[in-house]
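The primary structure of each chain is shown beneath.
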Amino acid sequence: QKEVEQDPGPLSVPEGAIVSLNCTYSNSAFQYFMWYRQYSRKGPELLMYTYSSGNKEDGRFTAQVDKSSKYISLFIRDSQPSDSATYLCASSAGGTSYGKLTFGQGTILTVHP
Amino acid sequence: EAEVAQSPRYKITEKSQAVAFWCDPISGHATLYWYRQILGQGPELLVQFQDESVVDDSQLPKDRFSAERLKGVDSTLKIQPAELGDSAMYLCASSPQSSTDTQYFGPGTRLTVL
């Protein structure tokens, strides 16, 4: 079993829809949680960064972490065709593992006009 | 805006040949990472440098892969000999000393081994 599991999709939604992307993780030591966006043939781009449980909002994006259920979510409001990309969740334990990220498989999202 | 630079962007080689990838991190970033991303999967860490020192190379196949960051700035990842299973995207990332979980990725080098 991988430490971070993510449904690869693909997920296809109409423009303006609310998108929900999810990951689960198994390592209780994970404290830092990130979402990256990766366009085709490009490197991942950091979207959201959260520490421990709770919500974080940035524009149309909201990241949620529930450590009790080991569940990570990213919500995209008013989705746009430009949001079409692969979304990767990642986690890190910090401490002696400082900087070592464990990624999920990625979810392919298509937002159609 | 500062970016991580990588070259080449694409590399096609035959198995048993040697290949090398280059990375120039964002200026001032002490930590540098090399990841491998197989198509349809998330990136997996190969090696992590803090300045010129290797911090973690536990997932680096050391029989054929090597990495160096001699002056603590740019870095080279080498594969010799390349195998068919090495076909993947090789990503370099860097992070500032103060926040090593905030990693900035380069565009990657897509390697195809024939």
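Comments concerning the packing of aromatic side chains
All names here are of chain A.
Reasoning step 1: Summed over all chains, the structure comprises twelve aromatic pairs over all chains.
Reasoning step 2: Between the aromatic rings of Tyr25 and Phe30, the centroid separation amounts to 5.9 Å while the plane-to-plane angle is 50 degrees, which identifies the pairing as tilted.
Reasoning step 3: Among the residues examined, Tyr25 registers a relative accessible area of 6% and is labelled buried.
Reasoning step 4: On the accessibility criterion, Phe30 (3% relative accessible area) is buried.
Reasoning step 5: Plain terms: the ring middles of Tyr32 and Tyr51 are 5.0 Å apart, the flat faces sit at 45 degrees to each other, and that makes the pair tilted. Residue Tyr32 is located in strand 4 (residues 32-38), and its partner Tyr51 is located in strand 5 (residues 45-51); the two are separated by 19 residues in the primary sequence.

A short note on the pattern of salt bridges
Reasoning step 1: One pass over the full model with this rule turns up seven salt bridges over all chains.
Reasoning step 2: A:Glu45 serves as the salt-bridge partner of A:Arg37, at 3.2 Å between the closest nitrogen and oxygen.
Reasoning step 3: Note on A:Glu45: relative accessible area 36%, which makes it partly exposed.
Reasoning step 4: Linked by salt bridges that have partners in common, B:Arg64, B:Glu83 and B:Asp86 make up one network.

Describing the interface of chain B and chain A
Reasoning step 1: Each side of the interface is counted separately: chain B has 24 residues, and chain A has 20 residues.
Reasoning step 2: Taking both sides of the interface into account, the surface hidden between chain B and chain A amounts to around 1,700 Å²; carbon and sulfur atoms contribute 49%.
Reasoning step 3: Linking chain B with chain A are one salt bridge.
Reasoning step 4: Here A:Lys100 makes a salt bridge to B:Asp56, at a shortest N to O gap of 3.8 Å.
Reasoning step 5: For the side of chain B that touches chain A, the secondary structure elements donating two or more residues are strand 4 (31-37), strand 5 (44-50) and strand 9 (88-95) of chain B.
Reasoning step 6: Broken down by class, the residue content of the side of chain B that touches chain A amounts to nine nonpolar, twelve polar and three charged.

So, how was this worked out
Residues numbered from 1 in each chain as written. Chains lettered and ligands numbered in written order. Predicted model: local features only at pLDDT ≥ 70, side-chain atom pairs only at ≥ 80, totals over all residues. Heavy atoms only, no water. Phe/Tyr/Trp six-rings, centres within 6.5 Å; stacked < 30°, edge-to-face > 60°. Buried < 20%, exposed > 50% of the residue type's maximum accessible area, 1.4 Å probe, protein only. Helix = DSSP H or I, 4+ residues; strand = E, 2+ residues; numbered from the N terminus. Salt bridge = Lys/Arg side-chain N within 4 Å of Asp/Glu carboxyl O. Contact = heavy atoms within 4.5 Å. Buried area = accessible area lost by both parts, 1.4 Å probe. Nonpolar A, V, L, I, M, F, W, Y, C, P; charged D, E, K, R; others polar.

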